[in-house]
Amino acid sequence: METYGKESLREAFGHALVDAGAKWDDLRVLDAGTSNSTYSQFFQRTYPERFYTPGINEPGMVGIATGIAMAGNRVVACDMSVFLHHAYAQIRAAARQGSDMHFIIAASHTGIAVGPDGGSAHDLTDLARMRLVPGFNVLTPWDGAHVRQIVNVILEEKGLYYVRLNRPKVPIFLKDPISFEIGKAYRLREGNRVTIIASGDKVYNALEAAEQLGDGFADVIGIATLEPLDTDTIIASAKRTGRVITYEDHLCVGGLFEAVAGVLALHHPTPMRRISLDRVFTTSGDPDELAELYGITTASLVKECQDFTKS
Amino acid sequence: MFKITHQELEEKAFSIRRDLIELIYRARSGHLDTSLSLVEIWLGLVYSDFFQYDPKNGAWEDRDRVFLSEGHACPLQYLINAELGYYSVNDVFTGFRKPKTPFQGHSIRDLKCGLENSNGSLSIGVWQAYGHSLETKRSVFCIAGDGEFQEPSSQALLSVPHYLKPAPNFTLILNDNHLAQDSEVDLGPIADVAKLYNWQVIQIDGHDLNALGEAYLQAYNEQDRPTFLVCRTIKGKGGDPENEGRLGHHGKPPQNDDEYRNYIAGLEAKGRV
Ligand SMILES: [Mg+2]
């Protein structure tokens, strides 16, 4: 598959914030002591007077961010994902203020892609947590180009947004990023044997797998908005292929798999499989090594598709 | 100091206490004792000369903000905003704790009704209010309970102006009634802690309107530091004297007509001043 270099989603986000800072004077960025990991420090260096950190204090950061958004500012609160557990009550309370504000939470270091820092640092339940908070749009960008595009859209339209980023450099594969619309799933490749529904940087691997499976085999749906989920696109593809596999760097609980399963169970019951992690705490290791260990590589997806379509 | 006379303020305090008792008894639920302890604190603030608001334009940019962090005191907030003209007191009586009204069991942010923040879980509103003060030129007052300051994140707020921004337009009002839901509260040296972190600390009787008026003015005029206004109050103040300052009445409305009459009798015995 053709790619255009590599960039981590967090780094792309950090650069996008700097660009956004020039466009929107009212933009304020916060971090809870991880600015050199989330790359919110790019914004901090460029606009020090528009950057706030209460230190290693996630509840405080989200509370302050909410208050600033309530004052009418565009606000982006950044953190390493797993630490946002500390701020869950504040996140819920932020959403309770209503969606008539510009409020964005950006979480870097999601999934096993975090690697050697180990299971304590792998946030594999963030999508589940954020899906549980009414009002939040839950966004899972695919590559660096996509991140930039999404940042522009969500700073334009008022609302509550959660943006799932991650740590490692991943391929940029969107040459001319498709026009991103909140709430829309994208059919990226056509096939009729199986539907692959992937989110985040796994969309690249899904396309890679589809290529290996050959022409006309896999229908690939890219999910950049997990909530609200584009049920029409999912149902239409399930009707075409009769088999659905979801693919994510997240536990099987509460993320893409269960979201899609819920939609299909209600509207078009379809045999399903999943590429995701069991409900476990994970281990340290190199990201590729871990992807192998937990069976979320391109190769595992190819194998699962072949096995699924045998019957 | 105030937009109306001291006597008029006392009369408002009396009638609002009567409405609180009436409202919560009729609804058969709501936090009466907490609301009663805050009557002078809230009236003294919104009737201070400097305090700006516009009931016809709740989102007015130049309004002074009142965040309610201990959200269970919202019955008082609803009645005071009626007094200020955001809506009628009848709206509160028909809507309180009913589906789809602005007068929920805990406040929901609704600027046209003068409701600055949604609340419920303790120790969150204090952070939102502080954050808000960083990005508005107007004053931000936040009412918090002493029980709420048992939450570690509330206590942490005292240190934040020191290492983030002093926010001189921020005033944290502590409803120090020494009672929480199931136990007494002793916050120990909390005022000293605030002093060490360079807050302007003012400690007063939270039922003394003159002391409140002066304290608010002092907070409003402060140029360098946030203000921590510790108001010693009595939970259930001005209701049934048997229940004043006593544990066991949190979120418990009068249970029957006799108990209701005891509240009204207690209020009337103190008179209209
Ligand atoms: Mg108390």
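Each chain carries its own residue numbering, running from 1 in the direction its sequence is written. Chain letters and ligand numbers both follow the written order, the letters beginning at A and the numbers at 1. At least 70 in pLDDT is required for a residue's local features to be given in this predicted model, at least 80 for side-chain atom pairs to be given and counted, and no such filter applies to totals for whole chains, interfaces and linings, which use all residues. Computation of side-chain values covers all heavy atoms of the structure but excludes hydrogens and water.

Looking only at helices and strands, chain A has 12 helices and 14 strands in total. At 19 Å, chain A has a C-alpha radius of gyration in line with the 19 Å of a compact globule built from 311 residues. Partly exposed describes any residue whose relative accessible area lies between the buried limit of under 20% and the exposed limit of over 50%, with all areas from a 1.4 Å probe on protein chains only and scaled to the type maximum. Burial analysis of chain A (311 residues in total) assigns 64% to the buried set. Residues are treated as being in contact if the distance between any of their heavy atoms lies within 4.5 Å. Long-range pairs, those at least 24 residues apart, make up 79% of the contacts in chain A with a sequence separation of at least 6. We treat Lys and Arg as the positive residues and Asp and Glu as the negative residues; His and chain ends play no part in the count. The atom standing in for a charge is NZ when the residue is Lys, CZ when it is Arg, CG when it is Asp and CD when it is Glu. The centroid of the 30 positive side-chain charges in chain A is displaced by 3 Å from the centroid of its 38 negative side-chain charges. Helix and strand definitions here come from DSSP, where helices need a minimum of 4 consecutive H or I residues and strands a minimum of 2 consecutive E residues; each element is numbered from the N-terminal end. The quantity called the radius of gyration is restricted to C-alpha atoms. Its globule counterpart is 2.2 Å times the number of residues to the power 0.38.

Quick look at the packing of helix 1 (residues 6-27) of chain B against helix 11 (residues 257-270) of chain B now. All names here are of chain B. Viewed as axis vectors pointing N to C, helix 1 and helix 11 meet at an angle of 175°, and their least axial separation amounts to 10 Å. By the angle between their axes, helix 1 is roughly antiparallel relative to helix 11. In this structure, helix 1 uses Phe 14, Arg 17, Arg 18, Ile 21, Glu 22 and Tyr 25 to contact helix 11, whose residues at the interface are Asp 257, Tyr 260, Tyr 263, Ile 264, Leu 267 and Glu 268. For this scheme, ten residues count as nonpolar: Ala, Val, Leu, Ile, Met, Phe, Trp, Tyr, Cys and Pro. Four count as charged, namely Asp, Glu, Lys and Arg, and the remainder, Gly too, count as polar. When grouped by side-chain class, the residues that make up the contact of helix 1 with helix 11 number 7 nonpolar, no polar and 5 charged. Where helices are involved, their axes are fitted lines through C-alpha atoms of the stretch in contact, as for all axes, and angles between N-to-C directions lie from 0 to 180°. The cut-offs work like this: below 35 degrees is roughly parallel, past 145 is roughly antiparallel, 65 to 115 is roughly perpendicular, and the gaps in between are oblique.

Here the focus is the interface of chain B and chain A. Contact with chain B, which involves 20 residues of that partner, is made by 22 residues of chain A. When two parts are brought into contact, each loses some accessible area as probed by a 1.4 Å sphere; the total of that loss over both is the buried area. Together, the buried faces of chain B and chain A total about 1,800 Å²; carbon and sulfur atoms form 59% of this surface. Salt bridge, as used here, is a side-chain nitrogen of Lys or Arg placed within 4 Å of a carboxyl oxygen of Asp or Glu. The interface formed by chain B and chain A includes 1 salt bridge. Nitrogen and oxygen atoms within 3.5 Å of one another constitute a polar contact, given that in protein one can donate a hydrogen and the other can accept it, and given that sequence-neighbouring residues count only through two side-chain atoms. Seen at the junction of chain B and chain A, the total is 8 residue pairs in polar contact (both at pLDDT 80 or more). Per-element accounting of the side of chain B that touches chain A gives the leading share, 6 residues, to helix 6 (residues 125-134) of chain B. The residue inventory of the side of chain B that touches chain A, partitioned by class, reads 9 nonpolar, 7 polar and 4 charged.

A few words on the nonpolar core. Nonpolar cores were defined as sets of buried Ala, Val, Leu, Ile, Met, Phe, Trp, Tyr and Cys residues, with membership established by side-chain atoms within 4.5 Å. By size, the foremost hydrophobic cluster in this structure holds 71 residues, and its most contacted members are Phe 103 and Phe 136 of chain A together with Phe 170, Leu 172 and Phe 228 of chain B. With 7 residues, the top contributor of residues to this core is helix 4 (residues 58-70) of chain A. Ranked by size, the runner-up nonpolar core spans 60 residues in total, among them Ile 150, Ile 275, Cys 305 and Phe 308 of chain A.

Before going further, it helps to examine the pattern of salt bridges. Residues and elements named next belong to chain A. Using the criterion set out here, one finds 28 salt bridges over all chains in the structure. The salt bridge partner of Arg 129 is Asp 123, with a shortest N-O separation of 2.8 Å. Like Arg 129, the residue Asp 123 is buried in the burial classification. A salt bridge links Glu 190 to Arg 187, with the shortest nitrogen-to-oxygen separation between them at 3.8 Å. Linked through salt bridges whose partners overlap, the residues forming this network are Arg 187, Glu 190, Asp 219 and Arg 240.

Glancing now at helix 11 of chain B. At 3.6 residues per turn, the α-helix brings residues three or four places apart onto the same side. All names here are of chain B. Given a helix with a known number of residues, its expected span is that number minus one, times 1.5 Å. For helix 11, built from 14 residues, the straight-helix expectation of 20 Å at 1.5 Å per residue is met to within 8% by its first-to-last C-alpha distance of 20 Å. Buried residues of helix 11: Tyr 260, Tyr 263, Ile 264, Gly 266 and Leu 267, and no others. Each buried residue of helix 11 lies within a common arc of 155° when the element is viewed along its axis, so the set occupies one face. The N-cap of helix 11, judged by a side-chain oxygen 3.1 Å from the amide nitrogen of Asp 258 a few residues on, is Asn 256. Just beyond helix 11, the residue with positive phi is Gly 271, at close to 75°. Throughout, the arc means the angular range of directions from the helix axis out to the C-beta atoms.

Time to look at a negative patch on the surface. Residues and elements named next belong to chain A. Side chains of Asp 286, Asp 288, Glu 289 and Glu 292 sit close together on the surface and give a patch of like negative charge. Summarising the element assignment, Asp 286 is placed in the loop between strand 14 (272-277) and helix 11 (287-293). The partly exposed category is assigned to Asp 286, whose relative accessible area is 40%. Patch building starts from residues that exceed 30% relative accessible area and form no salt bridge, then joins like charges within 9 Å and nonpolar side chains (Val, Leu, Ile, Met, Phe, Trp, Tyr) within 5 Å. Values of accessible area rely on a 1.4 Å probe in the Shrake-Rupley scheme; residue burial ignores everything except the protein chains shown.

Glancing now at the coordination of the magnesium ion. All names here are of chain B. For Na, K and Ca the donor cut-off is 3.2 Å, while for other metals it is 2.8 Å, and in both cases only N, O and S atoms qualify; water is not among them, so sites may look incomplete. Only Asp 146 (OD), Asn 177 (OD1) and Leu 179 (O) from the protein coordinate the magnesium ion, and they sit 2.1 to 2.2 Å from it. Along the chain, the residues donating to the magnesium ion are arranged with the sequence spacing D-x30-N-x1-L. Here the residue Asp 146 occupies a position in the loop between strand 2 (140-145) and helix 7 (152-157), and Leu 179 occupies one in the loop between strand 3 (170-176) and helix 9 (190-196), the gap between them amounting to 33 residues. The pair formed by Asp 146 and Leu 179 is uniform in burial state, with each residue classed as buried.

Residue and element names in this part refer to chain A. Should DSSP find at least two bridges between two strands, the strands are regarded as paired. Here we have 5 strands laid out as an open sheet, ordered 9-11-10-13-14, and mixed in their pairing. Every other strand in the sheet has two partners, leaving strand 9 (186-189) and strand 14 as the edge strands with one partner each. Going from strand to strand, the sheet's axes swing by 25° on average, the running direction of each strand aside. In the sheet, strand 13 (residues 244-251) pairs with strand 14 via 5 bridges, with the strands oriented parallel. Note that in strand 14 the partner of Leu 251 across the bridge is Leu 277. Packed on one face of the sheet, helix 8 (residues 202-213) meets strand 9, strand 10 (191-199), strand 11 (216-223) and strand 13 and runs near 175° to strand 11.

The next thing to look at is the environment of Gly 85 of chain B. Residues and elements named next belong to chain B. Mapped onto the fold, Gly 85 is located in the loop between helix 4 (74-83) and helix 5 (89-95). Residues Gly 85 and Pro 55, 30 residues apart in the sequence, show an inter-C-alpha distance of 5.6 Å. Not counting the four nearest positions on each side in its chain, Gly 85 is found in contact with Pro 55 and Lys 56.

Before going further, it helps to examine helix 12 (residues 298-310) of chain A. All names here are of chain A. Along its 13 residues, helix 12 runs 19 Å from first to last C-alpha, staying within 8% of the 18 Å computed at 1.5 Å per residue. Looking at helix 12, one finds that the buried residues are Thr 298, Ser 300, Leu 301, Val 302, Cys 305, Phe 308 and Thr 309. Where helix 12 is buried, its residues contact strand 10, helix 8, strand 11, strand 13 and strand 14.

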